[in-house]
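Topology and contacts: notes
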Amino acid sequence: WTNKTEYILSMIGYAVGLGNIWRFPYMAYKNGGGAFLIPYLLMLVLCGIPLFFLESAIGQFCSQGPINMWRAVPVLQGVGLSMVMVNALVSIYYNVIIAYSLYYMFASMQFPLPWPSCSSWADRKCSSLPKVYCNVSGVLMTNWTQENITCPSSNKITVSVESPSEQYWDHVALQRSSGLDKTGPVVWHLALCLLLSSIIVAAALIRGIKSSGKVVYFTATFPYVVILILLIRGVTLEGARDGIDFYIGSQSNLTKLTEGQVWKDAATQTFFSLSIAWGGVPTLASYSNFHNNMFLDSVIVTVINDGTSVFAGFAIFSILGHMAHVYGKPIGNVVKEGFGLAFIAYPDALAKLPISPLWSILFFFMLLTVGLDSQFAAIEVITTCLLDAFPNILKSKRAVVTILTCIIVFLLGLPCVTRAGIYWVTLIDQFVASWVMLILALMEIIGFCYIYGVNRFIKDIEMMIGKKSFCFWLWWRACWLFLTPCIIAVILVWSLVIFVPPTYGKVQYPAWGLALGWCMVAFILIWIPVIAFYKVIKAKGNFCKVVSLCSPSEEWHPYLDIHRGERYSKNTAAEETVSDNKTEDKKM
């Protein structure tokens, strides 16, 4: 890193993702409003900060990517490869979400906006207001009155309708088909936006962190400017107070804290919003100064990440509250999460404001920058691992490796911009970016805290940040050895027990689609036993060699000689089992 600021901004940009904007506000609303902050902040302390600290320390100590960092526990090197596979798959669908944001940003550059009212692309279900008919002698009639008597409530029939913004999303933006098996042609406006997204990412990463470190000055800070602008505008609108009350105000429900689901949601949201176990944190930390205080950085980044979620919620709910006021509906009827919030509910709400194109452009440009930061880190993980694996061949060809990686990600993303593309995006999101990460995080803790040894790991950290008190390490020992792994294990088991096959709205996935989802999970996790089995076979039955696979290899040490000290010098004591017999300093 050129300086500490670029590192912190890159970490914040990586940690703060789309989930902070479109998932947390809904989770808080659903789980008791302000009461949800209690388990959410508790899980940050017990799970989020310990894992972020762990990954930052590992990456900074060895200056290696997620594969080579497992030189500390060679038998588990497959975990690092699994992390790379996760990034490869997630980067495909994240690139598509960036393409959606680009498309909506360009579509917002017209007045009036194209989605506030039903147009030529709409069908008969399109309506801004619910359609109510009166059953008069078996005939359905609208606006029926007779002798100043309105239709009896028992004869009223409400027909389900779709809002103009929902139909615009389905019929124009996605041109969505009826299911995963109805692929249809490529939606070319999305394909072009996908290409533009890939070009932006490649250009930002062409020189690795030297170039991306400059880009994050804008991409990591601009979202906060937009959220602040939207919040200021939102709180001045009629109905905004009702929205904020439902989000985190007087409508908070403390009795929700007695429900286990609330605590599970808090832990899950904390875990996934920090992008733990994706390999991005150790990759970015691997470029840090060896004596950088990664503990302080971890606290700063994780607190800012959680604060961003809460902050964004105020901007979201203030404007949704106004939308509910305009429609005369309860807040609960307009609140959505995920794609429904970002591309249906919120655009609909923004369309009700004066100068609506301006607010819409700002919002989707914010989604674009938030998505790009996460995509930068995902691609950087892949390229870093390739450069670590083949340093002699690829070290001088970073630009070529980055461009080729972005081209491959673009080509693999093309099926996600067909008419069935949204089903593919949802499938990857539900199977890959979910409880698979819990397994990888659990393997990290087992590998570095139990097999490698928490005491040895603490000594490694103290080589970087200096000696700390017994009480300081007592807390982190408790987290790494007991609290954090227990929480992860409970969430993992619970997630598997209550697992429900994913759907997109009311559309069910075919059996082969669900099977493909499980194949993606297998493709990620299979490397853990395969690599372990390969290393055991390579040991040729020699018991001492098999046991040594659970001990650090000779290549496990700080990258530079000057930082190795006595513990990792060539003449270090045998009991450390981490001697360095390398004759040249090169990145493997």
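Residues numbered from 1 in each chain as written. Predicted model: local features only at pLDDT ≥ 70, side-chain atom pairs only at ≥ 80, totals over all residues. Heavy atoms only, no water.

1. Topic: the overall build of the chain
For the chain, the helix and strand inventory stands at 24 helices and 7 strands. Long-range contacts, defined here as pairs at least 24 residues apart, represent 82% of the contacts in the chain between residues at least 6 apart. As displayed, the chain offers around 24,300 Å² of accessible surface, 66% of which is attributable to carbon and sulfur atoms. (Helix = DSSP H or I, 4+ residues; strand = E, 2+ residues; numbered from the N terminus. Contact = heavy atoms within 4.5 Å. Areas by Shrake-Rupley, 256 points an atom, 1.4 Å probe, with all protein chains shown as cover.)

2. Let's talk about the pattern of salt bridges
Opposite charge on two side chains allows them to pair when their charged atoms are near. Following the criterion strictly, the structure yields 7 salt bridges and no others. Notably, a salt bridge pairs Arg176 with Asp170, separated by 2.9 Å at the nearest N-O pair. You can call Arg176 partly exposed: its relative accessible area is 26%. By relative accessible area, which is 7% here, Asp170 ends up buried. (Salt bridge = Lys/Arg side-chain N within 4 Å of Asp/Glu carboxyl O. Buried < 20%, exposed > 50% of the residue type's maximum accessible area, 1.4 Å probe, protein only.)

3. As for helix H18 (residues 421–431)
For H18, the buried fraction is high: 9 of the 11 residues fall into the buried class. Burial in H18 covers these residues: Gly421, Ile422, Tyr423, Trp424, Val425, Thr426, Leu427, Ile428 and Phe431.

4. Considerations on the UniProt feature "binding site: Na(+)" (unreviewed entry) in the chain
Per the UniProt annotation, the sites labelled "binding site: Na(+)" (unreviewed entry) are Gly13, Ala15, Val16, Asn20, Ser273, Asn305, Asp373 and Ser374. Separation in sequence by 362 residues is not matched in space for these annotated residues, since their most distant C-alpha atoms are only 13.4 Å apart. Mapped onto the fold, Gly13 is located in helix H1 (residues 4–15). Looking at Gly13, the relative accessible area reads 4%, which means it is buried. Dropping the residues within four chain positions of it, Gly13 is found in contact with Ala220, Asp373 and Ser374. Mapped onto the secondary structure, Asn20 falls in helix H2 (residues 18–22). Exposure remark for Asn20: the relative accessible area of 0% places this residue in the buried category. The residues touching Asn20, leaving out its near neighbours within four places in the chain, are Ala15, Pro25, Ser273, Asn305, Ser309 and Ala312. (UniProt positions renumbered as here; feature names shortened; annotations may be inferred.)

5. With respect to the packing of aromatic side chains
Centre-to-centre distance and the angle between the planes together describe a pair of aromatic rings. The full count for this structure, using the stated rule, is 44 aromatic pairs. Aromatic pair Phe61 and Trp556: ring centres 5.3 Å apart, planes at 40°, arrangement tilted. Linking Phe61 in helix H4 (residues 37–62) with Trp556 in the segment after helix H24 (543–548), this pair joins segments that are 495 residues apart in sequence. In this structure, Arg456 packs its charged tip against the face of Tyr452, placed 5.1 Å from the ring centre. When the ring centre of Phe472 is taken as reference, the NZ or CZ atom of Lys468 above it lies at 5.8 Å. (Phe/Tyr/Trp six-rings, centres within 6.5 Å; stacked < 30°, edge-to-face > 60°. Lys NZ or Arg CZ within 6 Å of the ring centre and 35° of its normal.)

6. With respect to unusual backbone geometry
Phe111 connects to Pro112 through a cis peptide bond whose omega is 0°. Relative to the helices and strands, Pro112 resides in the loop between helix H5 (77–107) and strand S1 (131–136). Residue Ile355 is not a glycine yet carries a positive backbone phi of 50°. Position of Ile355 relative to the elements: it lies in the loop between helix H14 (339–350) and helix H15 (356–389).

7. Observations concerning the packing of helix H9 (residues 222–235) against helix H13 (residues 294–327)
The contact between H9 and H13 brings their axes to 8 Å, and the two run at 35°. Pair H9 / H13 crosses with left-handed handedness. Of the residues in H13, those in contact with Tyr224, Ile227, Leu228, Leu230, Leu231, Gly234 and Val235 of H9 are Ile304, Thr308, Phe311, Ala312, Phe314, Ala315, Ser318 and Ile319. (Axes fitted to C-alpha atoms, helices over the stretch in contact; angles between N-to-C directions. Left-handed = near helix turned anticlockwise from the far one by under 90°.)

8. Regarding a nonpolar patch on the surface
Together, Val400, Ile403, Leu404, Ile407 and Leu411 make up an exposed nonpolar region whose accessible area comes to about 420 Å². Position of Ile403 relative to the elements: it lies in helix H17 (residues 398–413). (Patch = residues over 30% accessible without salt bridge, like charges linked within 9 Å, V, L, I, M, F, W, Y side chains within 5 Å.)

9. A look at the nonpolar core
Counting residues in each nonpolar core, the largest one holds 189 residues, and the members touching the most others are Tyr100, Trp169, Ile461 and Trp480. Among residues more than four places away in sequence, those in contact with Ile461 are Phe53, Ala57, Met294, Gly466, Trp473 and Trp480. (Core = buried A, V, L, I, M, F, W, Y, C linked by side-chain atoms within 4.5 Å.)

10. Remarks on the side chain of Ser82
Within the secondary structure, Ser82 is located in helix H5. By relative accessible area, which is 0% here, Ser82 ends up buried. Excluding its chain neighbours within four sequence positions, the residues that come into contact with Ser82 are Leu440, Ile524, Leu525, Trp527 and Ile528.

11. Considering the packing of H18 against helix H22 (residues 511–525)
Closest axis-to-axis distance for the H18/H22 pair is 9 Å, and the angle between their directions is 45°. In terms of axis orientation, H18 runs oblique to H22. Where H18 crosses over H22, the handedness of that crossing is right-handed. Residues Trp424, Leu427, Ile428 and Phe431 of H18 form the contact with H22, whose own contacting residues are Trp512, Gly513, Leu514, Leu516, Gly517, Trp518, Met520 and Val521. Here the residues of the contact of H18 with H22 sort into 10 nonpolar, 2 polar and no charged. (Parallel < 35°, antiparallel > 145°, perpendicular 65-115°, else oblique. Nonpolar A, V, L, I, M, F, W, Y, C, P; charged D, E, K, R; others polar.)

12. Some words on the environment of Ile8
Position of Ile8 relative to the elements: it lies in helix H1. Sequence separation between Ile8 and Asp297 is 289 residues; the distance between their C-alpha atoms is 7.1 Å.

13. A short note on the environment of Tyr509
Looking at where Tyr509 falls in the secondary structure, it is placed in the loop between strand S7 (507–508) and H22. For Tyr509, a relative accessible area of 8% translates into the label buried.

14. Quick notes on the confidence of the model for the chain
Within the chain, residue pLDDT values average 83, and 90% of them lie at 70 or more. For the chain, the element scoring lowest by mean pLDDT is strand S3 (residues 145–146), at 46; helix H7 (residues 188–204) scores highest, at 93. Confidence over residues 144–148 falls short of pLDDT 50; this stretch has 6 contacts with residues more than four positions distant or in other chains. Note that residues 571–588 has pLDDT below 50 and, in this model, 45 contacts with residues that lie over four places away or in other chains. (pLDDT = per-residue confidence, 0-100.)

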